[in-house]
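# Per-entry structural report
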Protein chains: 2
Amino acid sequence: MTDKIGVVVWGLGAMGSGIAKVLLEKEGVEITGAIDSNPAKTGLDLGQVLGLERELGVSVTGDPASVLKEGTGNVVLLATSSFVDEVWPQIRESVTNGYNVITIAEQMAQPGVSHPDLAREMDALARKYGVTVLGTGINPGFVLDTLIIALTGACAGVKKIRATRVNDLSAFGPTVMRTQGVGSTPREFAEGLAQGSIVGHIGFERSIALIAGALGWNVTKVEQEREPIISKVYRKTAYAEVQPGMAAGCRHIARAYVDGLPVIELIHPQQVKPELEGVETGDYIEITGTPDINMAIRPEIPGGTGTAAVAVNMIPKVLRAAPGLVCMSDLSLPGALMGNVARMVAGGRSDG
Amino acid sequence: MTDKIGVVVWGLGAMGSGIAKVLLEKEGVEITGAIDSNPAKTGLDLGQVLGLERELGVSVTGDPASVLKEGTGNVVLLATSSFVDEVWPQIRESVTNGYNVITIAEQMAQPGVSHPDLAREMDALARKYGVTVLGTGINPGFVLDTLIIALTGACAGVKKIRATRVNDLSAFGPTVMRTQGVGSTPREFAEGLAQGSIVGHIGFERSIALIAGALGWNVTKVEQEREPIISKVYRKTAYAEVQPGMAAGCRHIARAYVDGLPVIELIHPQQVKPELEGVETGDYIEITGTPDINMAIRPEIPGGTGTAAVAVNMIPKVLRAAPGLVCMSDLSLPGALMGNVARMVAGGRSDG
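Below: a short report on this structure. (Residues numbered from 1 in each chain as written. Chains lettered and ligands numbered in written order. Predicted model: local features only at pLDDT ≥ 70, side-chain atom pairs only at ≥ 80, totals over all residues. Heavy atoms only, no water.)

### Here's the deal with the packing of helix α4 (residues 84–96) of chain B against helix α5 (residues 116–129) of chain B
All names here are of chain B. In contact at an axis separation of 10 Å, α4 and α5 are set at 15 degrees when each is read in the N-to-C sense. In terms of axis orientation, α4 runs roughly parallel to α5. For α4 against α5, the interelement crossing comes out left-handed. Along the contact surface, α4 presents V84, W88, I91, R92, V95 and T96, while α5 presents L118, E121, M122, L125, A126 and Y129. Its residues placed into classes, the contact of α4 with α5 shows 9 nonpolar, 1 polar and 2 charged. (Axes fitted to C-alpha atoms, helices over the stretch in contact; angles between N-to-C directions. Helix = DSSP H or I, 4+ residues; strand = E, 2+ residues; numbered from the N terminus. Parallel < 35°, antiparallel > 145°, perpendicular 65-115°, else oblique. Left-handed = near helix turned anticlockwise from the far one by under 90°. Contact = heavy atoms within 4.5 Å. Nonpolar A, V, L, I, M, F, W, Y, C, P; charged D, E, K, R; others polar.)

### Remarks on the side chain of Q271 of chain A
Considering the arrangement of structural elements, one finds Q271 of chain A in strand β12 (residues 261–271). The residues contacting Q271 of chain A, other than those within four sequence positions of it, are N167, D168, L169, S170, I229, R235, A248, G249 and V279 of chain A.

### So, the pattern of salt bridges
For side chains of opposite charge, pairing can occur when their charged atoms come near one another. For the structure on display, the rule yields 28 salt bridges over all chains. For E277 of chain A, the salt bridge is made with R235 of chain A, and the minimal N-O distance between the two is 2.8 Å. Of the two residues, E277 of chain A is situated in the loop between β12 and β13 (282–290) and R235 of chain A in strand β9 (residues 235–236); the sequence distance between them amounts to 42 residues. Using a relative accessible area of 1% as the deciding quantity, one classes R235 of chain A as buried. Between E280 of chain B and R298 of chain B there is a salt bridge whose closest N-O contact spans 3.2 Å. Of this pair, E280 of chain B sits in the loop between β12 (261–271) and β13 (282–290) while R298 of chain B is found in the loop between β14 (293–297) and α10 (303–313), placing the two residues 18 residues apart along the sequence. (Salt bridge = Lys/Arg side-chain N within 4 Å of Asp/Glu carboxyl O. Buried < 20%, exposed > 50% of the residue type's maximum accessible area, 1.4 Å probe, protein only.)

### Concerning the layout of surface pockets
To locate leftover empty space, one rolls a probe as large as a water molecule over the atoms. Residues and elements named next belong to chain A. In this model, the second largest pocket occupies a volume close to 1,300 Å³. Along the walls of the second largest pocket sit 47 residues, with M15, S82, E106, F172 and V176 positioned nearest its centre. Secondary structure elements with two or more residues in the lining of the second largest pocket: α1 (14–24), α4 (84–96), β7 (157–168), α7 (174–179), β12 and α10 (303–313). Split into classes, the residues belonging to the lining of the second largest pocket amount to 18 nonpolar, 23 polar and 6 charged. (1 Å grid on protein atoms, 1.4 Å probe; cavity = no way out; pocket = protein on both sides within 12 Å on 5 of 7 lines; lining within 4 Å. Points joined across faces, edges and corners; volume = space filled by probe spheres on them.)

### As for the pairing of β13 of chain B
Residues and elements named next belong to chain B. Across 9 bridges, strand β7 (residues 157–168) lies against β13 in antiparallel orientation. When the sheet's bridge partners are listed, V158 is paired in β13 with G289. As judged from the 5 bridges shared by β13 and β14, these two strands associate in the antiparallel manner. For I285, the partnering residue across the bridge sits in β14 and is M295. Taken together, β13 and the strand that follows it, β14, pair antiparallel across an intervening segment of 2 residues. (Pairing = 2+ DSSP bridges.)

### Here's the deal with the sheet that holds strand β4 (residues 75–78) of chain B
Pairing between the strands of a sheet comes from backbone hydrogen bonds, and it takes one of two forms, parallel or antiparallel. Residue and element names in this part refer to chain B. The strand order across the open sheet formed by 7 strands is β3-β2-β1-β4-β5-β6-β15, and the pairing between neighbours is parallel. At either end of the open sheet lies a strand with only one pairing partner, and these are β3 (60–61) and β15 (324–326). With 6 bridges connecting them, strand β1 (residues 5–10) and strand β2 (residues 29–35) associate as parallel partners. Following the sheet pairing, W10 is matched in β2 by I35.

Such coordinate-based values are descriptive only and should not be taken to indicate function.
In structure tokens, the structure reads:
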């Protein structure tokens, strides 16, 4: 074990840049490579791309092979896409070069849901190369799955789980505004849903698979509903304008059934400026069971910061795990990294 | 792997009986032995001791060796005492007979805090016999440590953790009334503290060690304060009577310092009938960090049900762990067991 864990950051959009900045704050971690396909970023020093005052001595490259073949790192933090099909070639290249992978691609939180054969292939490849591959993030990956699972740890039995994440999209850019239907008329919203341009939240099926897998529930049916959050008031952000009567966002709901009963209900209304109609953001988990547990986090754990944090915090868990494709419930308890990360990886069990 | 996980329940007081009842609800688990030192219970069928209508075909014995030497189980669930010194001989006997051990002894949540040499010996013994030993429970073991650690998983950095567990002691018996000073005058309370008959909560040092170990904080000092919760009103339970001006319970606070700063503050006011003065019970975790996280669980996760649940829920995690002495943050995410436990133990990663 070297004195620092080497990390390659692949993808330097908003999320990847956030991850890189978190990494720079950690002891015992070194960014050994930075990959991005955007020609406006390649060739620049990573510090410049991150908007820092200082150079970091790491040049952003558009050629993954040039970084990965050097083999100077232990783990790739991959923040390029939400979808399994798009990250799989990048995961394969990382794994075959001996890198562990943590990706925030939403579908990778439990890739077997949509890609069972590919998940098996990924698992086999990771085992062959002796590395571990994890998909995580704030959601899926934490709020509507990992945290729910952990809370059920105090339950002798669970009848139903109902969890709601009410968040604020105001800070997001044009892509999110479009995929959440912000500023669309009810008719445009319906058309967008039908055409697939409005998608709501990516990850409900993954969260449900994580919860059901961890608890041992055999889910027989998953239903999803998406509907516009019609604004009663005028709302405006840097990238969106919502007139009264238009959609301020998308209320996305998923229900999972076991033995004909809806045992998991996940509710995720995402909108701009929720406070203008008195909506308080928050993460809410209600478990009906023995005992009942009613949890509230107000305001919600912010998506951007949270995703970067979870991804970085899982580094020692991934490096200490047995090889293969894993999910959050396979690994030891998440937790913030406030000490030397290399020492946490090398050390005894209690800090891993 | 047999088709059922065999469990020996050692200790059939309120907690051990609760654990046995939870076990009876689980698929793929079988109680293969029951041990208690109380002659009023030995020789009876476990069903009778648990107050059930039916016999379970398991005779309660006062002779641990007779059960353990049969070797018909995989794990001992140990609920006999709060203290390392008292459970160690029982753990040793279980381990040397090839049993994994889950104990709710508060001090065992992180035994190395008070018994570093013994903890090493326990770890070595468990490794030698290829079994895993875990201390857990609702607190220590879950609310003021595991849950806190898990929440910091969404933080890029943590400056301070302040967590409060406000609970209701009304259901507890004479021992708890005495050790929490319920019904004592302020003077009696002070004397009880000085003499050690009033102790407050057992487990703060363990929770602090778990949190600090998981996050990588080097704690240099731990302070504890215990003070009476003086009642303004008359309060009465089955086992205690509190006149105005007397203690309704004990407010116990622990603070842990890193680099001279109090980074962990755990607050645990325990009293009877808190609602008579408008006190709402609950579990509250405030993390000052990036981001801040403010969590509330109202009412609090109940101690009795919660402890039995956590202990049982950790069975598959313990059976799948590498041998040795472990703590909650070493193991994969806790979660309720709603499927066949034997299958969870035997199965793939995602369900373990």
